[in-house]
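For reference, the chains in residue letters:
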Amino acid sequence: MQVEVGMIFDGKVTGITAFGAFVDIGNSVTGLVHISEVASEYVKDINDHISVNDKVKVKVVSIDEKGKIGLSIKKAMPSAPKKQEQPKKPATTRPEVIDWSTKKNDGEVSFDDMLNKFKQASEEKMHDLKKSMDSKRGSGRRGGSY
């Protein structure tokens, strides 16, 4: 039997491993379905999807130089017809207009004012911290040996 990439076969699962399943596609020809090719969704445990002796439809996806055959169950499945996208309707409501000015009319503090207040408080804290560290180190160094 001549096996070529792209061919689809009805096969029988002969063995299951943690990384995939071996499928006999006829005439004592066996290929491997990698776990990533079992289903279109993520497969954590292959045993949740197929079992030994299951009949499966597989597609040949690769044949390496040693003659190892790579198979896929998910690529052998008929693809669902694609939905035609409906053109999007333009929004009927206008977006809210945002006033980016720095002064607020209703008594709220503007972002710039809050930022300036934060910077001032931060500088005061850094000054106090440096002053505290200097007093712990000793402000004057004396020359000479200890």
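What counts, and at which threshold
Residues numbered from 1 in each chain as written. Predicted model: local features only at pLDDT ≥ 70, side-chain atom pairs only at ≥ 80, totals over all residues. Heavy atoms only, no water. Helix = DSSP H or I, 4+ residues; strand = E, 2+ residues; numbered from the N terminus. Buried < 20%, exposed > 50% of the residue type's maximum accessible area, 1.4 Å probe, protein only. Contact = heavy atoms within 4.5 Å. Areas by Shrake-Rupley, 256 points an atom, 1.4 Å probe, with all protein chains shown as cover. Pairing = 2+ DSSP bridges. Salt bridge = Lys/Arg side-chain N within 4 Å of Asp/Glu carboxyl O.

> Which parts of the structure should I look at to understand the overall build of the protein chain?
The helix and strand tally for the protein chain stands at 1 helix and 5 strands. In the protein chain, the order of α-helices and β-strands from amino to carboxyl end is β-β-β-β-β-α. Evaluated residue by residue, the protein chain yields a buried proportion of 20% over its 146 residues. Expressed as a percentage of contacts within the protein chain between residues at least 6 apart in sequence, the contacts between residues at least 24 apart total 51%. In the structure as shown, the protein chain presents an accessible area of about 12,700 Å², 52% of it carried by carbon and sulfur atoms.

> Whenever I open this one, the pairing of strand S2 (residues 20–26) confuses me. Can you help?
In regular strands, side chains alternate between the two faces of the sheet. Note that strand S1 (residues 8–17) and S2 share 5 bridges and pair antiparallel. Note that in S2 the partner of Ile16 across the bridge is Ala21. The turn linking S2 back onto strand S3 (residues 29–34) is made up of 2 residues, and Asn27 within it adopts a positive phi angle of 55 degrees.

> Looking at this model, I keep getting lost on the pattern of salt bridges. Mind explaining?
Should the charged atoms of two oppositely charged side chains come close, the side chains can pair. Following the criterion strictly, the structure yields 1 salt bridge and no others. Where Lys57 meets Asp10, a salt bridge forms, and the shortest distance between an N and an O atom there is 3.4 Å. Here the residue Lys57 occupies a position in strand S4 (residues 55–63), and Asp10 occupies one in strand S1, the gap between them amounting to 47 residues.

> I'm lost on unusual backbone geometry in this one. Help?
Backbone geometry follows two general trends: most residues other than glycine have a negative phi, and most peptide bonds adopt the trans configuration. At Ser28, a position not held by glycine, the phi torsion is positive, near 60 degrees. Its location among the elements puts Ser28 in the loop between S2 and S3. Among the residues examined, Ser28 registers a relative accessible area of 73% and is labelled exposed. We note that Asn53 has phi near 75 degrees; this positive angle belongs to a residue other than glycine. Looking at where Asn53 falls in the secondary structure, it is placed in the loop between S3 and S4.

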